[in-house]
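So the chains spell out like this:
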Amino acid sequence: MYDVIVVGAGLHGCSAALHLAMRGKSVLMIEKNAAGRHASGVNAGGVRRLGRHPAEIPLSVESLEMWHRIESLVDNDCGFHASGQVKIAENDAEMAALEKRSATVRSLGFDHEEVIDRDELFRLCPSAAEHCVGGLVSRRDGFANPYRTTWSFRQKAVALGVTLQEGVRVRGIDRVGDRWEVATSIGRFEAETLVNCAGAWGDQLAAMMGDIVPLSPEAPMMMVTAPVPHFLDPVVGLAGRPLSFKQGANGTVVIGGGHLGVADRDAETTTLNFEKLKLSARTVVDVFPHMRDVPIVRCWSGIEGVMPDQIPVIGPSRNAPNAFHAFGFSAHGFQMGPIVGRLTSELIVDGETPMPIDAFRVDRFNTVDGAADS
Ligand SMILES: Cc1cc2nc3c(=O)[nH]c(=O)nc-3n(C[C@H](O)[C@H](O)[C@H](O)COP(=O)(O)OP(=O)(O)OC[C@H]3O[C@@H](n4cnc5c(N)ncnc54)[C@H](O)[C@@H]3O)c2cc1C
């Protein structure tokens with residue numbers, strides 16, 4: 001019998017397990033593959049507050065403070081570099097939209113999204129194309145190594161006493177008296193409390209708790225180039241087109257930002273869409289023309305759970321007692337791993353969290369007759 005069973009050992013499961021162990025709870029974490037096998041281990045590593053949905057800003061801001069102290073939490077720097085993140089405007093209309101966005105963020109009480117003119121943009125990104133007119137910068141954002149991060153959270157959780165079962169699938173849950181019985185591929189386990197950190201499979205676990213949500217499994221795609229001489233410090237995105245672009249310490253450039261392949265979550269595979277990858281590569285060359293002849297050496301994608309409103313499900317089940325969700329991070333949940341694990345432990349141990357999470361409630365998609373509204 002455990003205090004808590006966490007389903008899923010991506011970054012969110014490992015962070016929840018770690019924070020629960022820090023609060024003295026006995027925790028079993030169950031993972032059908034290996035920790036970090038899915039989105040948490042293969043993502044772009046972007047650690048950004050820039051451009052967040054308004055509901056996510058308070059969590060993202062708090063999480064960034066945790067990233068700046070990440071080594072004290074997990075005994076590893078996770079490859080975090082506070083390089084800054086820049087969103088580039090390619091024309092005046094995009095620049096006006098960025099100015100409006102910055103004003104909106106300020107009106108919510110946050111000042112991390114700063115408008116920059118063309119001179120400052122070219123100081124930060126000297127090899128950007130001539131047509132770029134300015135941008136928005138979030139200077140303390142950055143990037144980290146996704147697999148090393150998830151591994152570090154896993155290792156620290158286990159060091160603090162979390163039991164990890166890998167290669168074990170949760171098949172069902174039953175409420176027996178005042179505890180949960182979790183049926184898995186190797187037998188049954190018991191706990192007082194359940195946490196659903198099942199990522200792109202989170203809707204399946206939620207359904208077992210009676211919470212029906214419209215999650216779409218998607219396959220964001222990535223490319224990495226051969227090493228090139230250093231030319232860029234910040235992570236770069238574009239105001240008007242999907243792109244996320246960063247140069248690592250080894251000189252390689254990692255390119256992602258929104259184009260999708262096809263996800264088959266039953267088979268746990270993805271298929272790349274090379275036409276869309278070509279589009280990403282062309283976008284890179286439009287904005288950084290010197291990249292024209294640099295070879296792409298590898299492409300990949302991962303499976304991510306995306307919600308219709310592009311924000312995750314976080315908080316208590318509405319239909320099952322002592323059951324909590326943290327899934328559906330809609331392709332930007334890596335940065336939020338530290339804070340969501342902490343607030344989940346607060347919900348379980350203290351019965352409340354100071355973080356504002358009402359926008360993420362699991363029943364927000366329900367129509368009046370209780371059916372999921374997709
Ligand atoms: C290509 C790509 C690029 C991205 N780039 C960024 C980025 O730059 N910045 C950012 O902030 N975010 C990014 N993201 C999003 C980010 O990776 C995810 O939001 C985050 O990792 C989700 O973590 P998770 O723990 O919820 O899910 P996962 O890492 O998917 O973990 C869920 C785990 O649950 C397990 N599981 C599911 N069902 C069961 C079951 N029945 N029994 C046992 N185990 C189960 C799965 O095997 C899986 O390991 C990107 C995602 C992708 C795919």
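Residues numbered from 1 in each chain as written. Predicted model: local features only at pLDDT ≥ 70, side-chain atom pairs only at ≥ 80, totals over all residues. Heavy atoms only, no water.

Explain the domain arrangement of the protein here, please?
A common way to state how big an interface is: give the accessible area lost once the parts meet. Split into domains, the protein comes out as domain 1 (2-64 + 146-215 + 308-365) and domain 2 (85-139 + 217-306). For domain 1 and domain 2, the distance between their C-alpha centroids amounts to 28 Å. With 33 residues of domain 1 at the interface, the matching set in domain 2 holds 26 residues. Of the roughly 2,400 Å² buried between domain 1 and domain 2, counting both surfaces, carbon and sulfur atoms make up 56%. In this assembly, domain 1 and domain 2 are joined by 3 salt bridges. Our count for the contact surface shared by domain 1 and domain 2 stands at 16 residue pairs in polar contact (both at pLDDT 80 or more). When residues of the side of domain 1 that touches domain 2 are traced back to their parent elements, those giving at least two are helix H2 (39-42), strand S3 (46-47), helix H3 (57-68) and helix H8 (202-208). The element best represented in the side of domain 1 that touches domain 2 is H3, accounting for 3 residues. By residue class, the composition of the side of domain 1 that touches domain 2 is 16 nonpolar, 10 polar and 7 charged. (Domains from an automatic or database assignment. Contact = heavy atoms within 4.5 Å. Buried area = accessible area lost by both parts, 1.4 Å probe. Salt bridge = Lys/Arg side-chain N within 4 Å of Asp/Glu carboxyl O. Polar contact = N/O pair within 3.5 Å; in protein donor to acceptor, adjacent residues only side chain to side chain. Helix = DSSP H or I, 4+ residues; strand = E, 2+ residues; numbered from the N terminus. Nonpolar A, V, L, I, M, F, W, Y, C, P; charged D, E, K, R; others polar.)

What exactly am I supposed to notice about the site of the ligand here?
The environment of the ligand is formed by 35 residues, the closest being Glu31, Ser40, Gly46, Glu304 and Gly333. At 3.1 Å, a backbone N or O of Ala44 approaches a nitrogen atom of the ligand. Glu304 has a polar side-chain atom sitting 2.6 Å from an oxygen atom of the ligand. For the ligand, whose free accessible area comes to 1,000 Å², the fraction covered by protein is 97%. When residues of the shell around the ligand are traced back to their parent elements, those giving at least two are helix H1 (11-22), strand S2 (27-31), H2 and strand S12 (216-225). Of the residues contributing to the shell around the ligand, the split by class is 16 nonpolar, 14 polar and 5 charged. When residues are assigned to domains, the shell around the ligand turns out to be shared by domain 1 (2-64 + 146-215 + 308-365) and domain 2 (85-139 + 217-306), each giving three or more. (Near = heavy atom within 4 Å. Areas by Shrake-Rupley, 256 points an atom, 1.4 Å probe, with all protein chains shown as cover.)

When you look at the packing of H1 against helix H10 (residues 337-349) in this model, what are you seeing that I'm missing?
Two numbers describe a pair of packed helices, the interaxial angle and the distance between the axes. Across the interface, H1 lies against H10 with an axial gap of 8 Å and an inter-helix angle of 45 degrees. Here H10 runs oblique to H1, going by the angle between their axes. Every pair of crossing elements has a handedness; the one defined by H1 and H10 is right-handed. Note on element contacts: H10 touches H1 through Gly337, Pro338, Val340, Gly341, Arg342, Thr344, Ser345, Ile348 and Val349, opposite Leu11, His12, Ser15, Ala16, His19 and Leu20. (Axes fitted to C-alpha atoms, helices over the stretch in contact; angles between N-to-C directions. Parallel < 35°, antiparallel > 145°, perpendicular 65-115°, else oblique. Left-handed = near helix turned anticlockwise from the far one by under 90°.)

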